[in-house]
Amino acid sequence: MVPTAYYLVLAAMLFSIGVAAFLIKRNVITIFISIELMLNAVNLTFVAFAHMWHQVSGQIFVFFVMVVAAAEAAVGLAIIISIFRTRQTLNVDEIDLMKS
Amino acid sequence: MNAMPATYLWYIPLLPFAGFLINGTLGRKLPRAAVSVVALLFTALPAGIVAWLWATMLAPGAPNSMSIASYPWIQITGFTVNFAFAVDHLTLIMLGVVTGVGFLIHIYSVGYMAHEEGYWRFFAYLNLFMFFMLVLVLADSFLLLFVGWEGVGLVSYLLIGFYFRKTSAANAGRKAFVFNRIGDFGFLLAMFLLIAHFGSLTFSQVFATIGQHPEWQGAGFLTAIALLLVLGATGKSAQIPLYAWLPDAMEGPTPVSALIHAATMVTAGIYMVARCHALFDRSPVALAVVACIGAATAIFAASIGMVQHDIKRVLAYSTVSQLGYMFLGCGVGAYAAGIFHLLTHAFFKGLLFLAAGSVIHALSNEQDMRNMGGLRTRIPVTFWTMSAGVFAIAGIPPLAGFFSKDEILYQAFASPNPLFKLLWFIGLVTAGMTSFYMFRLWFKTFFGEPRFEESHSADGHTAHGVHESPWIMLFPLVVLAILAAIGGWVGIPAALGGHNQIEHFLDPVFASGASQTTAVATTGHGLELSLTALSVLVALAGFYVAYVCYYKKPGIAAAFATRNQALYGLVKNKYWIDEFNGNFIVTPLLLFTRGFLGVVVDSGVVNGSGATAGASARGLAWLTRKQISGNIRSYAGWLAFGAAAVLAVMIFGRAVWVHL
């Protein structure tokens, strides 16, 4: 049986890659994918701990996260499409309307 | 008639207040007739209630006082002040003066102000004045009295500055207000001392406590309280050193001068001293100060009044001088005599001001006596009524002023204190001066050749030239003239075969001053009669001098003035008091406020701290604003940084905390 720590290390690596990509990448779609990566890293830890403690609640959390992620993907992609239609770009550095 | 229930006391001041509210809020839209009806109605009703109150209190077997209290106004542990009114015989007299003379002057004002702008404003103020003045005289505690005291000061300010477009009127209003503030400061300090020593501000409690402690005779704190109250009284009643506002107050409309600055408000100081007689009786020093202030003010103001040319200013200085007499009366312990003079003064001085207003009206706003003369036949009703006032104030028997003034002088002379003999002499000289300046006014206004120019009549309003006032103005004059003539008969002394009813009437109030009356009784009537004869002689001498100078041989006075240039200049310029105040008090104060308070405190500290606070807020804002770049990646970076920081605190923070 694979020790739980392995899953956690993998999850941490995935999460860090997600954070790094989120900070570095300029394309909205890529940023969006990196968010998914972070979410799934967290899912992995949930499942790993659920398995470790023989508790089903961790698994249920994962379903919740997936549902929310799916909803988020729908809303996020819609936003991305409407941004592209108006701005003709997906570079986040050019999308800074909230600057004070 | 049924006895008046005590609850009706509330209505006495509240009715004029209702009139003020109506005229003050709706008056601008109401027609003039409606404004007049409201103002007169809400003044007449309290006068009616006061008449009923008189009947109740004078009924056989009626108690000497009546009081009513509301729920507590201020209530903290060990200290309570109620909204409470109390009526005794002193209050009755004041109520009669305020509502009676006040109502007459309201009637007069309807005629006098008929062509003025701001008609509704004027009557709203007058009704407000009645409200505050009635609160002042009805009050059962120092604090409620102070409410009325401040209120009448406010209305006085508003009415002096009634023609506020005129700079001099606005300045005069401010001057009156500032002078009164100085006096109010003393009154406030006196109240603080009273709270500290008695734990109460209610008249009955404070005076009862004083009565229970005979060992407090001349005690230092009583003297301090009394002197501070005197400071308050000098401000309100225009005595030295705070008298200078009253002559300037003549900038207000003439009915205001009559009502507020002659008959009622300025007597509030005398009323207050009389009301606090239990306190003053215990402090011979304070009483002597009151007497000295009164005598000094009387002669000082009378001397200035002798050389004024403005008819209203002569009357103003005369008012200051007569108020000095009342102070003198209170100061020698003859409170009843002081109040008696207050009563007669309200009649004849109110009359004189109203008559002067009628003269001014007749001459289309001419106030300078050098431009009058020969008006005797032109405005006969004004002449005859004003003559009653002039003879009354000059002390010619049997008119009102003779009895009251003589009573004060006699009480001063009969007092055992040798200092008061000197004050009596000053008072006697002042009586002569009073007679002189009043007859000077009389001769210059009504006799001799007319010195006004009828050609003034070209400008429309004065098309009729000199004209008698309408009857709505003359009616109050006639009533007041009758009162000025016979009003003194309530106080005919025993020496002249009278009973001095007013003194006995006030006995329940001034009962502790009984020692005074016994001292008088032992001296017999011979002295009193000779003193009376002396003061009549002095008054006649004043008349004769004025007769020679201003009727028989006009020009003597001018020649005298040119020969004694220095003296005349000194008096003419009012002893340079205004200049003294300006140069030695106002200018240094201004320098201090502008130089120190303005530059150092205001610009430096106040503005400086504001500027510093603003600049630091801007700096902080600049720093945080840098973060709001609109760049999503920078937000994300800060988010990650924050999450990492929280994580770090959660993991390592506890360890660090434990080690600390």
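Residues numbered from 1 in each chain as written. Chains lettered and ligands numbered in written order. Predicted model: local features only at pLDDT ≥ 70, side-chain atom pairs only at ≥ 80, totals over all residues.

A. Focus on the overall build of chain A. Tallying secondary structure elements over chain A gives three helices and zero strands in all. In chain A, the succession of helices and strands from N to C terminus is α-α-α. Here the C-alpha radius of gyration of chain A, 17 Å, is well above what a compact globule of 100 residues would show, namely 13 Å. If one aligns the C-alpha atoms of chain A with their principal axes, the spans along those axes are about 50 × 25 × 25 Å. The burial tally for chain A puts 12% of its 100 residues in the buried class. Looking at chain A alone, contacts between residues at least 24 apart form 46% of all its contacts between residues at least 6 apart. (Helix = DSSP H or I, 4+ residues; strand = E, 2+ residues; numbered from the N terminus. Rg over C-alpha atoms; globule rule 2.2 N^0.38 Å. Buried ≥ 20, exposed ≤ 12 C-beta atoms within 10 Å, placed from the backbone. Contact = placed C-beta atoms within 7 Å.)

B. Broad picture of the overall build of chain B. Along the backbone of chain B there are 26 helices and two strands. Once the C-alpha set of chain B is aligned to its principal axes, its extents read approximately 110 × 70 × 55 Å. Counting only residues that meet the buried cut, chain B has 50% of its 660 residues in that class.

C. Looking closely at the environment of Phe 177 of chain B. Residues and elements named next belong to chain B. In this fold, Phe 177 is placed in helix H6 (residues 167-198). Between the C-alpha atoms of Phe 177 and Tyr 157, which are 20 residues apart in sequence, the distance is 6.0 Å. The contacts of Phe 177, once residues within four sequence positions are left out, are Gly 153 and Tyr 157.

D. Region of interest: the nonpolar core. One finds Leu 351 and Ala 484 of chain B to be the most contacted residues of the largest nonpolar core, which totals 217 residues. Domain assignment of the residues forming this core places at least three in each of domain 1 (1-282) and domain 2 (356-453 + 462-572) of chain B. Sequence-distant contacts of Leu 351 of chain B, that is, excluding residues within four places in its chain, are made with Thr 385, Ala 388, Gly 389, Leu 477, Leu 480, Ala 481 and Ala 484 of chain B. Val 19, Phe 22, Val 28 and Val 92 of chain A belong to the second-largest nonpolar core, a separate cluster that totals five residues. (Core = buried A, V, L, I, M, F, W, Y, C linked by C-beta atoms within 7 Å. Domains from an automatic or database assignment.)

E. Region of interest: the environment of Arg 121 of chain B. As for its position among the elements, Arg 121 of chain B is in helix H4 (residues 119-138). Note: C-alpha distance between Arg 121 of chain B and Leu 158 of chain B (37 residues apart in sequence) is 9.9 Å.

F. Just unusual backbone geometry, in detail. Put simply, Ile 240 of chain B and Pro 241 of chain B share a cis peptide bond, and its omega is 10°. Mapping Pro 241 of chain B onto the fold places it in the loop between helix H8 (220-236) and helix H9 (245-248). Of note in the backbone geometry, Gln 88 of chain A takes a positive phi value of approximately 55° without being a glycine. Position of Gln 88 of chain A among the secondary structure elements: in the segment after helix H3 (57-87).

G. Seen up close, the packing of helix H17 (residues 400-414) of chain B against helix H18 (residues 418-446) of chain B. Residues and elements named next belong to chain B. Between H17 and H18, whose axes approach to 8 Å, the crossing angle comes to 155°. Accordingly, the angle class assigned to the pair H17 and H18 is roughly antiparallel. Every pair of crossing elements has a handedness; the one defined by H17 and H18 is left-handed. Residue-level contacts link Lys 405, Ile 408, Leu 409, Ala 412 and Phe 413 of H17 to Phe 420, Lys 421, Leu 423, Trp 424, Gly 427, Leu 428 and Ala 431 of H18. (Axes fitted to C-alpha atoms, helices over the stretch in contact; angles between N-to-C directions. Parallel < 35°, antiparallel > 145°, perpendicular 65-115°, else oblique. Left-handed = near helix turned anticlockwise from the far one by under 90°.)

H. Summary view of helix H19 (residues 471-486) of chain B. Residue and element names in this part refer to chain B. Between its terminal C-alpha atoms H19 stretches 22 Å, which fits the 22 Å expected from 16 residues at 1.5 Å a residue. Turning to H19, its buried residues are Met 473, Leu 474, Pro 476, Leu 477, Leu 480, Ala 481, Leu 483, Ala 484 and Ala 485. Elements in contact with the buried residues of H19: helix H3 (89-112), helix H15 (335-362), helix H16 (380-394) and H17. (Expected span 1.5 Å × (residues − 1).)

I. A look at the pairing of strand E2 (residues 79-87) of chain B. Residue and element names in this part refer to chain B. Across eight bridges, the pairing between strand E1 (residues 66-76) and E2 is antiparallel. Counted as the bridge partner of Met 66 is Val 87 from E2. From the end of E1 to the start of E2, which pair antiparallel, there are two residues, and Gly 78 there has a positive phi angle of about 75°. (Pairing = 2+ DSSP bridges.)

J. Fine view of the confidence of the model for chain B. All names here are of chain B. In the predicted model, chain B carries a mean pLDDT of 87, and the fraction of residues at 70 or more is 96%. Confidence scores differ between elements of chain B, with helix H21 (residues 514-523) showing the lowest mean pLDDT of 47 and H4 the highest of 94. Across residues 455-463, where pLDDT falls below 50, the model places seven contacts with residues more than four positions away in sequence or in other chains. Scored below 50 in pLDDT, residues 513-520 shows nine contacts in the model against residues more than four places distant or in partner chains. (pLDDT = per-residue confidence, 0-100.)

K. Quick look at helix H13 (residues 284-305) of chain B. Here H13 of chain B spans 31 Å end to end across 22 residues, near enough to the 32 Å set by a 1.5 Å rise per residue. Among the 22 residues in H13 of chain B, 17 count as buried, and that is most of the element.

L. Molecular detail of the environment of Ala 172 of chain B. Residue and element names in this part refer to chain B. Following the sequence through the fold, Ala 172 ends up in helix H6. A residue is classified by how many C-beta atoms lie within 10 Å of it, and Ala 172, with 23 of them, is buried. Separated by 29 residues in sequence, Ala 172 and Leu 143 place their C-alpha atoms 28 Å apart. Apart from residues no more than four positions distant in its own chain, Ala 172 is found in contact with Ile 160, Asp 248, Ala 249 and Glu 251.

M. How the structure looks around the packing of H15 of chain B against H16 of chain B. Residues and elements named next belong to chain B. Where H15 meets H16, the axes come as close as 9 Å, and the angle between the chain directions of the two elements is 145°. Between H15 and H16 lies a crossing whose hand is left-handed. Where H15 approaches H16, its residues Phe 348, Lys 349, Leu 351, Leu 352, Ala 355, Ser 358, Val 359 and Ala 362 are matched on the opposing element by Thr 382, Thr 385, Met 386, Ala 388, Gly 389, Ala 392 and Ile 393. Here the residues of the contact of H15 with H16 are counted per class, giving 10 nonpolar, four polar and one charged. (Nonpolar A, V, L, I, M, F, W, Y, C, P; charged D, E, K, R; others polar.)

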